[in-house]
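# Survey of secondary and tertiary structure
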Amino acid sequence: MAISLRAMEYFTTALRHENIAKAAAELNIAASAVSAAIDQVETAFDLTLITRQRSRGIQANASGRLVAQKFERLLEDYRSVLSEGADLKAALSGTLRVGYYAPIAPAFLPSILSSFVPADGKVLLHLEECDNDSAQDGLMKGTYDVILFVSEDVRPTIDFDVLIEAPAYCLLPGSHPLAAQSSVTMAQIAMQPLVVLNRPVAADYYQGLFDTHSKDVTIAAYANSTEMVRSLVGAGHGCAVLNMQPLTSLSYCGAEVVGLPISDPLPALTLSIGYDKSRPRRLVQHFVDACRAHFAQAGPQRCLVEGP
């Protein structure tokens, strides 16, 4: 028979007072509840642990005192765990594990983190790039405390907030004739060789754009990283359609690239933040708040190419 923590507390309080009525008064419960807890403990051990004396209260025997001592240690450990858990939830310290399916996250995550992470070294960051499914799996399994992901195919069990809706834009070499325009159309893009970002969610999204606006396109290259797409575009292999851009106009290979808005009405991709909204740690909530504040601002730090 299991003994509840409540029964342990009632039992030890009664033995400390050596009186059921006084224990009940301290615990603010009925005396019958204390008496029932004593019965539960004795039944569980199949031992007589106290002597009830009508005029003198109760008295523990040697076995009763030993059991009470062990209960006190268990209750002390339990209270310590609760206290440490409360401190952990409230502390701006510990480990923050972020999984992100956001190819240009290096453009904005460092500044977001520096806005609230203390300089005393009490926060350890684990940042891991992953695909959209792995990000959501990791959040549900506890691998990540928080995730940045595309919420177009979000799981029903994931709690999330949309940070920003990112419109599609065209990436061109800096020397391309279209780069001098203020915007381009999907028809103009379809006439160019294309470099396609071949990543989960993104690939289907871009394919859908061209299926809707032009089926006659020439694919020059597929690449599974945004920076490889940017480098291929910068080197003149073609143009690309993307949704977010870093804060630099240079690719890894040093070539200039230009992002232009697309004048056609196109669906955007959403960058969202997923986390346990029911009981977030203070550190997680600070990260969420910092992400919201960052993308609520106007300006290039939003990493968007928006129309005029």
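All values derive from a computational prediction rather than experimental measurement. (Residues numbered from 1 in each chain as written. Predicted model: local features only at pLDDT ≥ 70, side-chain atom pairs only at ≥ 80, totals over all residues. Heavy atoms only, no water.)

## Concerning the packing of aromatic side chains
Put simply, the test is: When the centres of two rings from Phe, Tyr and Trp lie within 6.5 Å, Trp using its six-membered ring, the rings pair. Their planes under 30 degrees apart give stacked, over 60 give edge-to-face, and anything left gives tilted. The secondary structure listing takes helices from DSSP runs of H or I that are at least 4 residues long and strands from runs of E that are at least 2 residues long, numbered from the N terminus. Only protein chains enter the accessibility calculation, which uses a 1.4 Å probe; a residue is then buried when its area is under 20% of its type maximum, exposed when over 50%, and partly exposed in between.
Counted under the stated rule, the structure contains 6 aromatic pairs. Where phenylalanine 116 meets phenylalanine 287, the ring centres are 6.3 Å apart and the plane angle is 55 degrees; that geometry is what we call tilted. Taken together, the residues span a long stretch of sequence, with phenylalanine 116 in the loop between α5 (109-114) and β4 (123-129) and phenylalanine 287 in helix α10 (residues 282-296) at a distance of 171 residues. For phenylalanine 116, a relative accessible area of 12% gives the class buried. Ring pairing ties together the aromatic residues Phe11, Phe45 and Phe71, which thus form one cluster.

## Some remarks on the sheet that holds strand β10 (residues 240-242)
Spelled out, the test is: In short, DSSP must find at least two bridges between two strands for them to pair. With axes taken as lines fitted to C-alpha atoms, and helix axes fitted only over the stretch in contact, angles between N-to-C directions fall between 0 and 180 degrees.
Spatial ordering of the open sheet is given by β10-β7-β11, a layout of 3 strands whose pairing is antiparallel. Edge positions in the sheet fall to β10 and β11 (257-261), since each of these pairs with one other strand and no more. Adjacent strand axes in the sheet meet at a mean angle of 35 degrees when their direction is disregarded.

## Notes on the domain arrangement of the protein chain
Selection rule: Domain delimitation follows an automatic or database domain assignment.
According to the domain assignment, the protein chain contains domain 1 (5-90), domain 2 (94-165 + 269-303) and domain 3 (168-261). The C-alpha centroid of domain 2 is placed 46 Å from the C-alpha centroid of domain 1.

## Some words on the environment of alanine 62
For alanine 62, the position within the fold is in helix α4 (residues 62-90). Along the backbone, alanine 62 and leucine 49 are 13 residues apart, and their C-alpha atoms lie at a distance of 7.7 Å.

## Examining α10
Quick reminder of the rule: Between the first and last residue of a helix there are one fewer steps than residues, each counted as 1.5 Å, and that sum is the expected span. Each direction from the helix axis to a C-beta atom contributes to the arc, which is the arc of those directions. Any two residues whose heavy atoms approach within 4.5 Å are treated as being in contact.
Taking 1.5 Å of rise per residue, 15 residues should cover 21 Å, and α10 covers 21 Å from first to last C-alpha, within 8% of that figure. Taken together, the buried positions of α10 are Leu283, Val284, Phe287, Val288, Ala290, Cys291, His294 and Phe295. Seen along its axis, α10 keeps its buried residues to an arc of 160 degrees; they face one direction. Along its buried surface, α10 packs onto β3 (94-100), α5, β4, β5 (146-150), β6 (160-166) and β12 (269-275).

## Overview of the nonpolar core
Put simply, the rule reads: Remark: nonpolar core denotes a set of buried residues (Ala, Val, Leu, Ile, Met, Phe, Trp, Tyr, Cys) joined through side-chain atoms within 4.5 Å.
Core analysis: the biggest nonpolar cluster contains 38 residues, and Ile189, Tyr206, Leu209, Val229, Val241 and Ile262 have the highest contact counts within it. When contributions to this core are tallied by element, the ones reaching two or more residues are β7 (169-173), α7 (186-190), β8 (193-197), α8 (202-213), β9 (218-223), α9 (226-234), β10 and β11. It is α8 that contributes the most residues to this core, 5 residues altogether. Those residues in contact with isoleucine 262 that lie beyond four places of it in its chain are Ala168, Tyr169, Cys170, Val184, Thr185, Met186, Ile189 and Val241.

## Re unusual backbone geometry
Unusually for a residue other than glycine, asparagine 28 sits at a positive phi of about 60 degrees. Note on placement: asparagine 28 falls in the loop between α2 (20-27) and α3 (31-45). Look at asparagine 28 and you get exposed, because its relative accessible area is 70%.

## Describing the pattern of salt bridges
Heads up, the condition is: When a carboxyl oxygen of Asp or Glu is within 4 Å of a side-chain nitrogen of Lys or Arg, the pair counts as a salt bridge.
Going through the model one piece at a time under the given rule, you end up with 13 salt bridges. Here arginine 155 makes a salt bridge to aspartate 133, at a shortest N to O gap of 3.6 Å. A residue pair is termed long-range when its members are at least 10 positions apart, and arginine 155 in the loop between β5 and β6 and aspartate 133 in helix α6 (residues 132-141) qualify at 22 residues. Owing to a relative accessible area of 23%, arginine 155 belongs among the partly exposed residues under this scheme. Linking arginine 230 and glutamate 227 is a salt bridge whose minimum nitrogen-to-oxygen distance equals 3.4 Å.

## Digging into the packing of helix α1 (residues 5-17) against α3
What counts, and what does not: By the definition adopted for this analysis, an angle is roughly parallel if under 35 degrees, roughly antiparallel if over 145, roughly perpendicular if from 65 to 115, and oblique otherwise. Amino acid classes used here: Ala, Val, Leu, Ile, Met, Phe, Trp, Tyr, Cys and Pro are nonpolar; Asp, Glu, Lys and Arg are charged; the rest, including Gly, are polar.
Where α1 contacts α3, the axes come no closer than 8 Å and their chain directions differ by 105 degrees. Taken together, α1 and α3 sit at an angle that is classed as roughly perpendicular. Of the residues in α3, those in contact with Ala7, Tyr10, Phe11 and Ala14 of α1 are Ala33, Val34, Ala37, Ile38, Gln40 and Val41. Along the lines of polarity and charge, the residues of the contact of α1 with α3 split into 9 nonpolar, 1 polar and no charged.

## Brief notes about the environment of glutamate 129
The test is simple: Whenever a nitrogen or oxygen atom comes within 3.5 Å of another N or O atom, the pair is scored as a polar contact, on the condition that within protein one atom can donate a hydrogen and the other can accept it, and that pairs from neighbouring residues in sequence are kept only if both atoms are in side chains.
As for its placement among the helices and strands, glutamate 129 is situated in strand β4. The partly exposed category is assigned to glutamate 129, whose relative accessible area is 42%. Discounting residues that sit within four places of it in the chain, glutamate 129 has contacts with Tyr100, Pro103 and Arg199. Within the structure, glutamate 129 has its side chain in polar contact with the side chain of arginine 199 (distance 3.0 Å).

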